[in-house]
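# Architecture at a glance
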Amino acid sequence: MKKFKSNFFKKPQVILVLLTLICAATIWLSSTNNYVAAPLRTAAGIVVVPLQRGMNQIGAWFSTKNEERMTLEEALEKNKQLQEKVAQLEAEHEQHANDADELERRGQLLNLKETYNNYQTVGATVIMKNSGNNWYRKFMIDKGKNDGLDVDMNVIATAGLVGIITEVGPNYSIVTSIIDEESKVSGMLRKTLDTCIVAGDLSAIQDGKLRLEYMSNNFNNDVDSTVVTSNVSEKFLPGIVIGKAVDVKLGDNKVTKTGYLIPAVNFERLKDVLVITTKKQMITEEELEHAKEQLIDPYRQEDTSNNKEIKKEEKQTTEAATEETTEQTTEQLSVQQSQQESQPSASQQEPSTPQQSQPSSDPINPEESQGPSADSIQANFKAVDDE
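Model, not experiment: these values are computed from the prediction.

Calculation notes
- Residues numbered from 1 in each chain as written.
- Predicted model: local features only at pLDDT ≥ 70, side-chain atom pairs only at ≥ 80, totals over all residues.
- Heavy atoms only, no water.
- Helix = DSSP H or I, 4+ residues; strand = E, 2+ residues; numbered from the N terminus.
- Buried < 20%, exposed > 50% of the residue type's maximum accessible area, 1.4 Å probe, protein only.
- Contact = heavy atoms within 4.5 Å.
- Phe/Tyr/Trp six-rings, centres within 6.5 Å; stacked < 30°, edge-to-face > 60°.
- Lys NZ or Arg CZ within 6 Å of the ring centre and 35° of its normal.

### Considerations on the overall build of the protein chain
Scanning the protein chain from terminus to terminus reveals eight helices and twelve strands. A buried classification covers 27% of the 387 residues belonging to the protein chain. Considering only contacts in the protein chain between residues 6 or more positions apart, those separated by 24 or more positions represent 61%.

This is the structure in structure tokens:
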């Protein structure tokens, strides 16, 4: 029986019914008698108010946590959007940087084309290079026979000589650069015109240099160390910048000098090049002379121009003197001819005086009175022209 009673009051339904009865009784008492309701309200306030306060605090905590969660999700979403925007801006920045580099390279090629404006050039892009290292020893460009290219055409880039075309196809060409070990380029100092040979060396190019060979004891790079292709080169056009001569010193034989050259082109990074379509065998004497004049020191150019002006003035003076001499000779011939014509008329007017009509004891030879002959005048003209 006791076990039944203990189990009976433990049932939730029973507990709920009891609580309901208690609440109903409390409501009835509070509505019918204020004396009874006042203590109950006080007791309820003591019990319920702290409970309500705690519930409010718990609700406020859950609300705060919910707001924080929503704020965190919004922050994460905004962070994701910002990251995407940053990635987009970085991609645009990289594109702008690439465009700026491309524009700079094109500007350098344009300046290079203006520097060598006496040669016809074709722009090309490097599409493949030799494997094994980062140096552009041999590489392929995207232009060939269809674009007018041919073997032995010179290739330049950025600031100077790159190499020469050694193989050509319909739409591609193979370029062998001057850093190749088989490459030999005849060069000279731009101002002093001291000659040398620029030799490719893959070991020296690791330090960014090429070898200089066959330099005479008079090789002097103190005035100007810029080395350009010489006019005696078999395949390379004259006047193309190769680089700067450095570390020049007297060799062990005390006769020749040795040294190195820092190339004007960065052979680790090549993208756009210019191909000179004028070959050395095709160049005219006038173009060669113009290219040589670009190599001469400006002071020498001034002297040369002064000499040309002096020669021009001398030529004009000589021509003026020749014209004056010709006019004087012509006047003398006309005077002598008029004298000869007047002598027969005088003899016809005085026929009665035969002694006067006879030639005098010292006759005048007409050939001698005519002065210089036409042959001698022509000889004088020729002599003046030779001068």
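### Observations concerning the packing of aromatic side chains
Tallying each qualifying case throughout the model produces two aromatic pairs. Relative to F62, the ring of W61 has its centre 5.0 Å away and its plane inclined at 80°; by these criteria the two rings are edge-to-face. What makes F62 exposed here is its relative accessible area of 52%. Ring centres 6.1 Å apart and planes at 75° place the aromatic pair Y136 and F139 in the edge-to-face group. Directly above the ring of Y136 sits K129, whose terminal nitrogen or CZ lies 5.5 Å from the centroid. A cation over a ring is seen here: K209 above Y260, with NZ or CZ 5.7 Å from the ring centre.

### Concerning unusual backbone geometry
A positive phi angle, near 75°, is found at D152, a position not held by glycine. By secondary structure assignment, the location of D152 is in the loop between β2 (138-141) and β3 (154-157). By relative accessible area, which is 18% here, D152 ends up buried. Phi at L193 takes a positive value of approximately 65°, unusual for a residue other than glycine. Looking at the element boundaries, L193 is found in the loop between β6 (184-189) and β7 (195-199).

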